[in-house]
Amino acid sequence: MGSSFDGQDEIDMKNRAAYNVTLLNFMDPPKMPYLKEEPYFGMGKMAVSWHHDENLVDRSAVAVYSYSCEDPEEESEDDPQLEGRDPDIWHVGFKISWDIETPGLAIPLHQGDCYFMLDDLNATHQHCVLAGLPPRFSSTHRVAECSTGTLDYILQRCQLALQNIRDEADDGEVSLKSLEPVVLKHGEEIHNEVEFEWLRQFWFQGNRYRRCTDWWCRPMTQLEELWKKMEGLTNAVLREVRREGTPVAQRNEILTAVLATLTARQNLRREWHARCQSRIARTLPADQKPECRPYWEKDDPSMPLPFDLTDIISELRGLLLEAKP
């Protein structure tokens, strides 16, 4: 890098390869009949669809070690040449982000190969994994951005939301410390983050993770308990906007602050429920079937609010319209 490469540059370069997360994968394609075809370039079956790796330190390196359990036999010169990639061999595919006009690239991965995505490649390009015939293990090494996306982070976020609880009755009903719109909006945003970025993501994987470890069961149970308290917080907000003595201006400010977040919650619940009931989900083995969790029936006495928020959202929109001159 010439004279421009100084001590700080050297530290930055080392930080870009200071791996702190390892993702282990195993796939056996003959036992996975539901694998989808690569949709843009005719590359064959995909083990992992086109994506960027997320939550990484900017411009950090991603390293992947690939080990297929047995390599397909080498072709002889007399064998007919196939067009495109050999479907028996695992490949990693690359393409320019959000571009399906420029041809993609498929790179073969043989037993014991390692590849690196350096600098801004992960930001400017998407990659996929194209299935071969033999079973394959892989380990992906990343430099994760740990200010968000960790268990400590989301537990702190939960505590921040629950700080707005003044009192909690024996039946779980809560009263609020603050009715400031910004505080209420922030609490509802955290509520959505826990439900859709943690709980539903986790249970969508089914129970297959238990083959390896049950470590996550306890923290996910803890997160679900905190999320349930946030359902109580939402219920307390709704009581305030319904209360006859609440000033009209204050009611409108609260409604404006929380309505979009509650609407997003309803829409996302529908989407996740549909995913769990999809045709592909129903074909998965029992331990891999996605679970729609949290889920509860309308008249569940343990829950302060219904799963389906359609009626509540309609009511809130009506209250907001009533207040307009």
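Summary of the structure given here. All of these numbers come straight from a predicted model, not from anything done at the bench.

### A closer look at the environment of Phe 41
And then number 1: Its location among the elements puts Phe 41 in the loop between strand S2 (36-37) and strand S3 (45-51).
And then number 2: Placed 60 residues apart in sequence, Phe 41 and Glu 101 show a C-alpha to C-alpha distance of 9.3 Å.

### Side note on unusual backbone geometry
And then number 1: A cis amide bond links Arg 293 with the next residue in sequence, Pro 294, at an omega value of 5°.
And then number 2: Mapped onto the elements, Pro 294 comes out in the loop between helix H7 (279-283) and helix H8 (310-323).
And then number 3: With a phi angle near 60°, Asn 55 is a residue other than glycine that sits in the positive phi range.
And then number 4: Inspection of the secondary structure puts Asn 55 in the loop between S3 and strand S4 (62-68).
And then number 5: One non-glycine residue, Asp 119, adopts positive backbone phi at about 55°.
And then number 6: For Asp 119, a relative accessible area of 30% translates into the label partly exposed.

### Quick look at the sheet that holds S4
And then number 1: In spatial order, the strands read S1-S9-S4-S7; together these four strands make up an open sheet with antiparallel pairing. Of all strands in the sheet, those bounded by a partner on one side alone are strand S1 (21-27) and strand S7 (114-117). Across the sheet, the mean angle separating the axes of adjacent strands is 15° when strand polarity is ignored.
And then number 2: Where S4 lies against strand S9 (residues 136-142), six bridges are found, and the strand directions are antiparallel. Residue pairing for S9: Tyr 67 is matched across the bridge by Phe 137.

### Details of the nonpolar core
And then number 1: Formed by 44 residues in total, the largest nonpolar core has its most connected members in Ile 154, Val 194, Leu 223, Met 230 and Leu 316.
And then number 2: Every element with two or more residues in this core is listed here: helix H3 (151-162), strand S11 (174-176), helix H4 (181-203), helix H5 (217-242), helix H6 (248-276) and H8.
And then number 3: Of all the elements, H5 adds the most residues to this core, at 10 residues.
And then number 4: Sequence-distant contacts of Met 230, defined by excluding residues within four places in its chain, comprise Cys 158, Ala 161, Leu 162, Ile 190, His 191 and Val 194.

Analysis parameters
- Residues numbered from 1 in each chain as written.
- Predicted model: local features only at pLDDT ≥ 70, side-chain atom pairs only at ≥ 80, totals over all residues.
- Heavy atoms only, no water.
- Helix = DSSP H or I, 4+ residues; strand = E, 2+ residues; numbered from the N terminus.
- Buried < 20%, exposed > 50% of the residue type's maximum accessible area, 1.4 Å probe, protein only.
- Pairing = 2+ DSSP bridges.
- Axes fitted to C-alpha atoms, helices over the stretch in contact; angles between N-to-C directions.
- Core = buried A, V, L, I, M, F, W, Y, C linked by side-chain atoms within 4.5 Å.
- Contact = heavy atoms within 4.5 Å.

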